[in-house]
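Secondary and tertiary structure notes
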Amino acid sequence: MELAYGVEGLKKDNSSLITVGTFDGIHHGHQSIIRYLVDRAQRKGGTSVALSFDPHPRQVLTGEPVPMLTTIEERGALFEALGLDRFIVVPFTEAFAATSARDFVVALLVEQVGMQEIVIGYDHGFGKGREGNSDLLQQLGADYGFSVDVVPAQILEQGVVSSSRIRELLAVGEVGTAGRLLSRPYSLMGTVVHGDGRGKTIGYPTANIAVANPNKVVPKQGVYAVHVRVGDAPELHGAMMNVGVRPTFANPDKKPLQTLEIHIFDLDADLYGTRLTVDFVKRIRDEQKFNSIDALIKQLSKDEARCRAELKL
């Protein structure tokens, strides 16, 4: 797959079949669009192209960070796995936000990228103020010689699949349902950093990870059964993960900081500086404060047993 960041110097390909969107999450609905696009391109001997934006348009328009389900790098990997030929990332700026829907289609998609067909979701809006829609595309298609395909809404778990719905599920810890809407477990990547080393002293050594992208969505605080990949290795390791502020060891004089701690089952290795990929499987319980270390250790033993059961270890 070709990845292009920006459109300066972009090689025009008049055989392009294009879809446009933020595609945060590459969820079941997005996958339906991409699979349809790739199939159409293969049957027509064309090039399948997804055009997306970075940063998220809402972040530029509101000035507020937008919680992201996937980074650009993650989206690229997922697109490639779906068979996409070309992924174009357009830097989204205030100036670009002022582009009219007509200019976006004609100047960018037709004249720069080279578009013979566009595939969009049922609720797609584009251009300044999201003034563009399927009706405008049909009008412009008649003038500039491209066709328009609209993919209907995808329904799962008794609702329309959307990135906002998945964010809401993660905010309440429903990682299982979120995973079904994504057609894969929700995941995040981070690098193992030094913690206080307390886990090792109580028989549950943990890897503390720092998430690379500060806008990446972290599920609700609590204890989770997870799978972990170490570096680029394909193996999945079972683990339990705590997302929270470790109230049992909280310093009343300091503001608690959220940490992500992973105890990987049956793995004894020095992981400092290593990248871990965490797949969330099931939320086990709320984070809680214990009155003694013994009480904490007893609960961790129960958590491990339940996590192993959830992961079928």
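See the structure above.
Below is a summary of the structure that appears in this document. Model, not experiment: these values are computed from the prediction.

Some words on the environment of Ala239
Relative to the helices and strands, Ala239 resides in strand S12 (residues 237-244). Taking C-alpha positions, Ala239 is 6.8 Å from Val228, a pair spaced 11 residues apart along the chain. Not counting chain neighbours up to four residues away, the residues in contact with Ala239 comprise Tyr224, Ala225, Val226, Val228, Ile262, His263, Ile264, Phe265, Cys307 and Leu311.

A short note on the pairing of S12
Where burial is concerned, most of S12 is hidden: seven out of the eight residues are buried. With seven bridges joining them, strand S11 (residues 222-230) and S12 adopt antiparallel strand pairing. Bridging across to S12, Gly222 finds its partner in Val243. The antiparallel pairing of S11 with S12 creates a hairpin that spans six residues between the two strands, and Gly231 there sits at a positive phi of about 60°. Across six bridges, S12 lies against strand S13 (residues 259-264) in antiparallel orientation.

With respect to the packing of aromatic side chains
Applying the stated criterion to the full structure yields nine aromatic pairs. Each ring, one from Phe53 and one from Phe92, has its centre 5.8 Å from the other, and the planes form 80°; the classification is edge-to-face. Pair noted here: Phe53 is in strand S3 (residues 47-54) and Phe92 is in the loop between strand S4 (86-91) and helix H4 (94-97), with a separation of 39 residues, a long-range link. Pair check on accessibility: Phe53 and Phe92 agree, each one buried. Through successive ring pairs, a cluster of aromatic residues spans Phe53, Phe92, Phe96 and Phe104. Lying across the ring of Phe265, Arg308 places its NZ or CZ 4.5 Å from the centre.

Considerations on helix H5 (residues 101-113)
Relative to the 18 Å expected for 13 residues at 1.5 Å per residue, H5 spans just 16 Å between its end C-alpha atoms, considerably shorter than the ideal helical length. Every buried residue of H5 is accounted for by Ala101, Phe104, Val105, Val106, Leu108, Leu109, Val110 and Val113. Just downstream of H5 lies Gly114, where phi reads positive at about 95°.

Examining the nonpolar core
Grouped together as the largest cluster of nonpolar side chains are 30 residues, with contacts concentrated most on Leu51 and Phe104. Elements supplying a minimum of two residues to this core: strand S2 (16-20), S3, S4, H4, H5, strand S5 (115-121) and helix H6 (134-144). Residue contributions to this core peak at eight residues, all from H5. Not counting residues within four places of it along the chain, the set of residues in contact with Phe104 comprises Val20, Leu51, Phe53, Phe96, Thr99, Leu109 and Phe126. If you look at the next biggest cluster of nonpolar residues, it comprises 29 residues, including Val175, Ala178, Leu181 and Ile264.

Focus on the pairing of S4
Burial analysis of S4 places five of its six residues in the buried class, the great majority of the element. Where strand S1 (residues 2-5) meets S4, four bridges bridge the pair, whose relative direction is parallel. Within S4, the position partnered with Tyr5 by the bridge is Val89. In this sheet, S4 lies alongside S3 in parallel orientation, the contact comprising six bridges. When the bridges of S4 are listed, Val49 appears paired with Arg86.

Analysis parameters
Counting restarts for each chain, with residues numbered from 1 along the sequence as it is written. With the structure being a predicted model, the display of local features is reserved for residues of pLDDT at least 70 and the display and counting of side-chain atom pairs for 80 or more, all residues being used for whole-chain, interface and lining totals. Side-chain numbers here rest on the full set of heavy atoms in the structure, without hydrogens or water. Helix and strand definitions here come from DSSP, where helices need a minimum of 4 consecutive H or I residues and strands a minimum of 2 consecutive E residues; each element is numbered from the N-terminal end. Residue contacts follow a heavy-atom distance rule, with two residues in contact if any of their heavy atoms lie within 4.5 Å. A simple rule labels every residue: compare its accessible area, found with a 1.4 Å probe on the protein chains alone, to the largest value its type can have, and call it buried under 20%, exposed over 50%, or partly exposed in between. Note: two strands are recorded as paired if DSSP finds a minimum of 2 bridges between them. Two rings from Phe, Tyr or Trp (for Trp, the six-membered ring) form a pair when their centres are within 6.5 Å of each other. A pair whose planes differ by under 30 degrees is stacked, one over 60 is edge-to-face, and the rest are tilted. Criterion for a charge above a ring: Lys NZ or Arg CZ within 6 Å of the ring centre, and within 35 degrees of the ring normal. To estimate the expected span of a helix, count its residues, drop one, and scale the result by 1.5 Å. As used here, the term nonpolar core means buried Ala, Val, Leu, Ile, Met, Phe, Trp, Tyr and Cys residues forming a set that is joined through side-chain atoms within 4.5 Å.

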